[in-house]
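Analysis of the macromolecular model
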Amino acid sequence: MVNATQLKVRGGSRAGSVLVTAVLIAAAAYFVLPLVWVVTATTKTTGQLFGTFGLAFGDSGQFVSNLGQLFSQGDGIYSRWLLNSLLYSGVGAAVATALAAGAGFAFAKYQFRGREAAFSVILGGVLLPATVIALPLYFMLSAVGLTGTYWAMLLPGMVSPFGVYLCRIYASASVPDEVIEAARLDGAGDIRAFTTIATRMMTPALVTVFLFQFVAIWNNYLLPLVMLNDVDTYPVTLGLTLWNGQTQRAPEFFELVVAGSAVSAVLLVIVMVSLQRFWRAGLTSGATKG
Amino acid sequence: MFVNSRSAQGRAARGMRAGVGIAVGAALVASLGACSSEPAESGPVTLTFQTWVPNIEPVVENFNEQHDDIQVEVEAITAGPDGGYAAMLSAVDAGNPADVAQVGYDQMASFLLRNALEDITEYVQDDVDVFSEWQLAANTFNDRIYGIPQASGPMGMFYRTDLFEQYGVAVPTTWEEYEQAARQIRAANPEAYIAVFAANQAPWIMGLAEQAGTPWFQAEGDEWAVDIANEDTLRMAEFWQRMIDEDLVKIENDLSSEWYADIQAGRVLSWMSGSWADAIIRGNAPDTAGLWGAAELPQWDAAEPRSASWGGGSSNVVLRGSDHPREAAEFALWLNSNVDSVSMLTEAGAGWPAISDVDSVPAIQDSPEVFEFFGGQDIWDVFAASNEQIALDWTWPPLTDSLYGFVTDEMRSAVESGTPLPQAFENIETRMVDEMEAAGLAVAR
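Owing to the predicted nature of the structure, the values given are computational and were not obtained by experimental measurement.

Notes on the pairing of strand S13 (residues 309–318) of chain B
All names here are of chain B. The element S13 is extensively covered by neighbouring structure, given that ten of its ten residues are classed as buried. In this structure, strand S3 (residues 100–104) lies alongside S13, joined through five bridges in antiparallel fashion. Opposite valine 103, over in S13, you have serine 315 as the bridge partner. The sheet contact formed by strand S6 (residues 148–160) and S13 spans five bridges and is antiparallel. Each residue of the ladder has a partner; that of serine 152, found in S13, is glycine 313.

A few points about the nonpolar core
In this structure, A:Cys167 and A:Met202 are the most contacted members of the largest nonpolar core, which totals 201 residues. A total of twelve residues in this core trace back to one element, the largest contributor, which is helix H4 (residues 60–109) of chain A.

Looking at the pairing of strand S9 (residues 223–226) of chain B
Residues and elements named next belong to chain B. Side chains of S9 alternate between two faces, with Trp224 and Val226 buried and Glu223 and Ala225 left unburied. Looking at chain direction, strand S8 (residues 217–220) and S9 are connected through four bridges and run antiparallel. Opposite glutamine 218, over in S9, you have alanine 225 as the bridge partner. Judged from the three bridges that link them, S9 and strand S15 (residues 442–444) form a sheet pairing that is parallel. Counterpart to glutamate 223 in the pairing with S15 is alanine 442.

Quick word on the domain arrangement of chain A
Domain annotation of chain A identifies domain 1 (1–37) and domain 2 (77–287). Here the C-alpha centroids of domain 1 of chain A and domain 2 of chain A sit 31 Å apart.

Description of the sheet that holds S9(B)
All names here are of chain B. One open sheet holds the three strands; their spatial order is S8-S9-S15, and the pairing between them is mixed. Strands at the two margins of the open sheet, each flanked by one partner only, are S8 and S15. When the angles between neighbouring strand axes are averaged without regard to direction, this sheet yields 30°. On top of the sheet, helix H19 (residues 421–438) reaches S9 and S15; it is set at about 170° to S9, its chief contact.

Calculation rules
Residues numbered from 1 in each chain as written. Chains lettered and ligands numbered in written order. Predicted model: local features only at pLDDT ≥ 70, side-chain atom pairs only at ≥ 80, totals over all residues. Buried ≥ 20, exposed ≤ 12 C-beta atoms within 10 Å, placed from the backbone. Helix = DSSP H or I, 4+ residues; strand = E, 2+ residues; numbered from the N terminus. Pairing = 2+ DSSP bridges. Core = buried A, V, L, I, M, F, W, Y, C linked by C-beta atoms within 7 Å. Domains from an automatic or database assignment. Axes fitted to C-alpha atoms, helices over the stretch in contact; angles between N-to-C directions. Contact = placed C-beta atoms within 7 Å.

Okay, here's the thing in structure tokens:
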């Protein structure tokens, strides 16, 4: 794919651009098909789910009844799971973004002892998969009696080593030292220079960090699995797995799991698409600085 | 035996807690004000119960109503294999487990290996004779009781009565007749098969092996005797190899979309499964209502009928570290032996009751909705007989998750690349013995 792109740039090869387009269309189909399936499956009964063609729609009456059932099962517990997921992801991602912005900016713009050592440690954090640290986190929070509480999900979500890394790189590249100097000459303190000037220039990076962290927390399974023991505090991932485990004994749960997955996926798409606007806005506002 | 061997993970965990945990902890407590103070014990003992049995809350509520001294709160968790077991074991390691938990018979030895179970013998030994023998045996290691059996899935054969009749096929009572029936079905309808060979389904294959005779594992003092590629299992393997070679069974994963479609359309005519599988068929093939029946498994020796369970069953155990093991054991015992409670559990979909006197359970005697789907047949008679024909000698080893992996691995390679099935079972044995020895277990072959 990379070669094809270069071909296009160098020689304007038509074949190359057709190839790229074809590959991109195939990739798009590959990623969109599961989403289409889960939406069409929401319009079916458990029997139709397996007995009919996967991408064909069932009937709209069933769609309404599945959704109705989804939100009424267990006294509307699904809505609660959605709110929990939004809380964990929203608060976690917002705080993580704020911390990453500050840390990344400081790493990029200030000279201090141990800077590179500290940054290396944070880079090490990028390499550790979340799965590996879930159990140690559990033991730590268990020692202070926080497991099973909202804090057990919020605290781990508030740090993003990758975010710090990205913010440092971005701040180095997009926030010129001269701008900070100018702000200081105009009487702005460090905090003011950071909050009013640097963060604006870093917006695309901040949106990226927020999105990454939001999706990572939303889709996290192992952490809530070990941390939480009350259904009322479950996020959507854990709740749907709970229901999925009951399909063997009670197959009607298939409809709930499928509808629940569809709602969760569509919500995530909405969050992504709406935040993408800021992304583009950030890029253009960054472009005016030169 | 393996009860005292603490896992390395557990040790690491404790070290972690003592070191990093406390340091970070002090800061967190100061800023957040954790609320984990222990109130003085007075009034009823409160227990927590982790389970994934659907709709079990009313059953526990019933217990609470009838007990003043013990009150139980349900914590719904994801099914064991989906992470429920991992969550339980971490909580045991961290020292704050639930009091009572749902654990499969197939996982009991693994939990013991992790030192995660309380020995409840002294609390329950005088009352456990109400349970069906093989189910109690699955919870007993070296004469100590580690769990109260709740429910299981004795196997039987669900089949399409209408199509069997249409194709002129008699319900097979021996494996010989089963093969014959498979041929007749293939001859009558080239699209139809008697069943699938489900290489994905370790509990199904192990059920067939259990039914064939010699068990795979035996705990002998400090040692595990392993004999997977035994004479009986190999005979069963040769049988299915012939069925595959002659295209008498369909190679397809069960519980897959294709399989559900085949079951609905009458292209797969039967399924050997646990007693609770009626719900799967009723739920997924509602249009075939009235066209199904249930029969006992075909036999190798009709004079000495044997049966098997699908993946064992499910127990309620007391987790190591519970503050109230006596009360927890009392709850588990009552929940699973009181007749009304057992009947409620059965209705909730827990599975085949573990008590031996199933005639006293109203939910088994009368389930019109189920019987109607099966053309009026009282299918529970079939599974009651099956339950009684399960031998006591099948023992679930530790490390069952690895075993399931080896079984599906080798079965898949048998159907995909043509490794003969008997060879596949030899391979499973070699891999499992290696795995057990690597875990520090004494193994005899």
